[in-house]
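Report on the structure
This is what each chain is made of:
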Amino acid sequence: MSPAESETKLFVRIGGVHGLTSLVRQFYARVLADRALRPYFKGVPLDKLYSMQLEFFSAALDGPTVYSGRTLHYAHQGRGISREHFQGFVEHLFETLKDYPLTDEDRYAVIARINTYVDDVVGSSAAASD
Ligand code: HEM
């Protein structure tokens, strides 16, 4: 990778807002097709979820966006999400990222950033903060 390329933000390399919009759609198509994960999204307004995820991913990947949703802890507490569910969710993200013209290094960088939120999402953290 050239120095110029490595200095570009992940957000840009993934295709900016356009790339992330399609990423979120394709990612959730996989999540919702997963029998272990699908029940958690029953009755959830998906258009709002997709637009919040677009903001969240954009901000997490150094894009020019401010995330306007609830804290991840607040949005996920009490849902009984286990580490296995979280792991499955992240694996779908990794599979989705394979369809994007990124290096493996970039794919792992995205996963590493998302993994930092595990304690906000899994059930055991429900009483830990907030
Ligand atoms: C690091 C991984 C995850 C991230 C970054 C993430 C991010 C988000 C974001 C940004 C929202 C929108 C919050 C809002 O509307 O204010 C959301 C909502 C939601 N997430 Fe996650 N999530 C993750 C993992 C999971 C997992 C593993 C599950 C279930 C298996 C899950 C289930 C849900 C559900 C059901 C909602 C809808 C909540 C509602 O509208 O009331 N999330 N998530």
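The rules we used
Residues numbered from 1 in each chain as written. Predicted model: local features only at pLDDT ≥ 70, side-chain atom pairs only at ≥ 80, totals over all residues. Heavy atoms only, no water. Donors = N, O, S within 2.8 Å, 3.2 Å for Na, K, Ca; no water. Helix = DSSP H or I, 4+ residues; strand = E, 2+ residues; numbered from the N terminus. Axes fitted to C-alpha atoms, helices over the stretch in contact; angles between N-to-C directions. Parallel < 35°, antiparallel > 145°, perpendicular 65-115°, else oblique. Left-handed = near helix turned anticlockwise from the far one by under 90°. Contact = heavy atoms within 4.5 Å. Core = buried A, V, L, I, M, F, W, Y, C linked by side-chain atoms within 4.5 Å. Buried < 20%, exposed > 50% of the residue type's maximum accessible area, 1.4 Å probe, protein only. pLDDT = per-residue confidence, 0-100. Near = heavy atom within 4 Å. Polar contact = N/O pair within 3.5 Å; in protein donor to acceptor, adjacent residues only side chain to side chain. 1 Å grid on protein atoms, 1.4 Å probe; cavity = no way out; pocket = protein on both sides within 12 Å on 5 of 7 lines; lining within 4 Å. Sits in = over half its atoms within 2 Å of the grid points. Nonpolar A, V, L, I, M, F, W, Y, C, P; charged D, E, K, R; others polar.

Attention shifts here to the coordination of the iron atom of the ligand. A lone protein donor binds the iron atom of the ligand: His76 (NE2), at 2.1 Å. The residue His76 is located in helix α5 (residues 72–76) in this model.

Moving on, we get to the packing of helix α3 (residues 16–32) against helix α4 (residues 46–60). The relative placement of two packed helices is expressed as an angle between their axes plus a distance between the axes. Two numbers describe how α3 lies on α4: the axes approach to 10 Å, and their chain directions differ by 125°. Between α3 and α4, the angle falls in the class oblique. Handedness of the crossing formed by α3 with α4: right-handed. In this structure, α3 contributes Val17, Leu20, Thr21, Val24, Arg25, Phe27, Tyr28 and Leu32 to the contact, and α4 contributes Leu46, Asp47, Leu49, Tyr50, Gln53, Leu54, Phe57 and Ser58.

Turning next to the nonpolar core. Membership of the largest hydrophobic core comes to 33 residues, with the highest contact counts inside it found for Tyr28, Leu93, Leu97 and Val110. For this core, the secondary structure elements donating two or more residues are α2 (10–13), α3, α4, α6 (83–97), α7 (104–115) and α8 (118–121). Setting aside its immediate chain neighbours within four residues, Leu93 contacts Leu23, Phe27, Phe57, Val110, Ile111 and Ile114.

Another point: the environment of Val66. Relative to the elements of secondary structure, Val66 occurs in the loop between α4 and α5. Under the relative-accessibility criterion, Val66 is labelled exposed at 69%. For the pair Val66 and Glu55, spaced eleven residues apart in sequence, the C-alpha to C-alpha distance is 6.7 Å.

Below, the discussion takes up the confidence of the model for the protein chain. With 89% of its residues at a pLDDT of at least 70, the protein chain reaches an overall mean of 90. Throughout residues 125–130 the model reports pLDDT below 50, and contacts reaching past four residues in sequence, or to other chains, amount to ten contacts.

Neighbouring residues of the ligand: 22 residues in total, closest Tyr40, Gln53, Arg70, His76 and Arg79. The contact in question runs from an oxygen atom of the ligand to an N or O atom on the backbone of Arg70, over 2.8 Å. The contact in question runs from a nitrogen atom of the ligand to an N or O atom on the side chain of His76, over 2.9 Å. The pocket occupied by the ligand, as judged from atoms lying within 2 Å of grid points, is the largest pocket. When contributions to the shell around the ligand are tallied by element, the ones reaching two or more residues are α4, α5 and α6. Take the shell around the ligand: its biggest share by element is five residues, from α4. The residue inventory of the shell around the ligand, partitioned by class, reads 16 nonpolar, three polar and three charged.

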